[in-house]
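Now for the letters of each chain:
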Amino acid sequence: MNKIYACEIEGKKYVAIHELLVWNMYKVVGHDTMSTTPSRGVKMSDCRVWECEDANRMAKQYLELKAFLYAL
């Protein structure tokens, strides 16, 4: 089970997903859209973190797509 949180640092919003023993941060690029490439240089310890239904929805869509592509 992946842990999913919303994260904000210096006014920029991210979706934080705990995958394969590491936190990956994905930048929110629209009202309900996130980048599919992890952001580099963003540390979980630098972020203000909270649980958010929008972040969960965006991350679950991404994780479902990722699982489907790996299955091919």
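Here the structure is shown first, and the text comes after it.
Attention in this report is confined to the structure presented alongside it. (Residues numbered from 1 in each chain as written. Predicted model: local features only at pLDDT ≥ 70, side-chain atom pairs only at ≥ 80, totals over all residues. Heavy atoms only, no water.)

Description of the state of the cysteines
In a disulfide, the sulfur atoms of two cysteines are covalently bonded to one another. Heads up, the condition is: Disulfides are defined in this document as cysteine sulfur pairs within 2.5 Å. Secondary structure elements follow DSSP: runs of H or I no shorter than four residues count as helices, runs of E no shorter than two count as strands, and numbering proceeds from the N terminus. Note on exposure labels: buried denotes an accessible area under 20% of the residue type's maximum, exposed denotes more than 50%, and partly exposed covers the range between, all computed with a 1.4 Å probe on protein chains only.
Scanning the model with the defined rule gives one disulfide in all. Note that Cys7 is cross-linked by a disulfide to Cys47, the S-S spacing being 2.3 Å. Handedness here is read from the sign of the S-S torsion; for Cys7 and Cys47, about -130°, the answer is left-handed. Remark: Cys47 occurs in the loop between strand S3 (22-27) and strand S4 (48-50) and Cys7 occurs in strand S1 (residues 3-9); sequence separation between them is 40 residues. Assessed through its relative accessible area of 0%, Cys7 is described here as buried. On the basis of relative accessible area, Cys47 is assigned to the buried category, the value being 13%. Free cysteine: Cys52, not disulfide-bonded; nearest cysteine sulfur from Cys7 at 12 Å. Assessed through its relative accessible area of 22%, Cys52 is described here as partly exposed.

Comments concerning the pattern of salt bridges
Between side chains of opposite charge, a pair can form as their charged atoms come close. Which entries qualify depends on this criterion: Counted as salt bridges are all cases of a side-chain nitrogen of Lys or Arg within 4 Å of a carboxyl oxygen of Asp or Glu.
All told, the structure shown has three salt bridges when counted by the stated rule. Taking the shortest distance from any N to any O, the salt bridge between Asp54 and Arg57 comes out at 3.1 Å. With Asp54 and Arg57 both in helix H1 (residues 53-71) and three residues apart, this pair spans about one turn of that helix.

Details of the environment of Ile9
What counts, and what does not: A contact between two residues is defined here by any heavy atoms of the two lying within 4.5 Å.
With respect to the helices and strands, the residue Ile9 is situated in strand S1. C-alpha separation for the pair Ile9 and Val42, spaced 33 residues apart in sequence, amounts to 8.5 Å. With residues up to four places along the chain from it excluded, the contact list for Ile9 reads Tyr14, Val42, Asp46 and Cys47.

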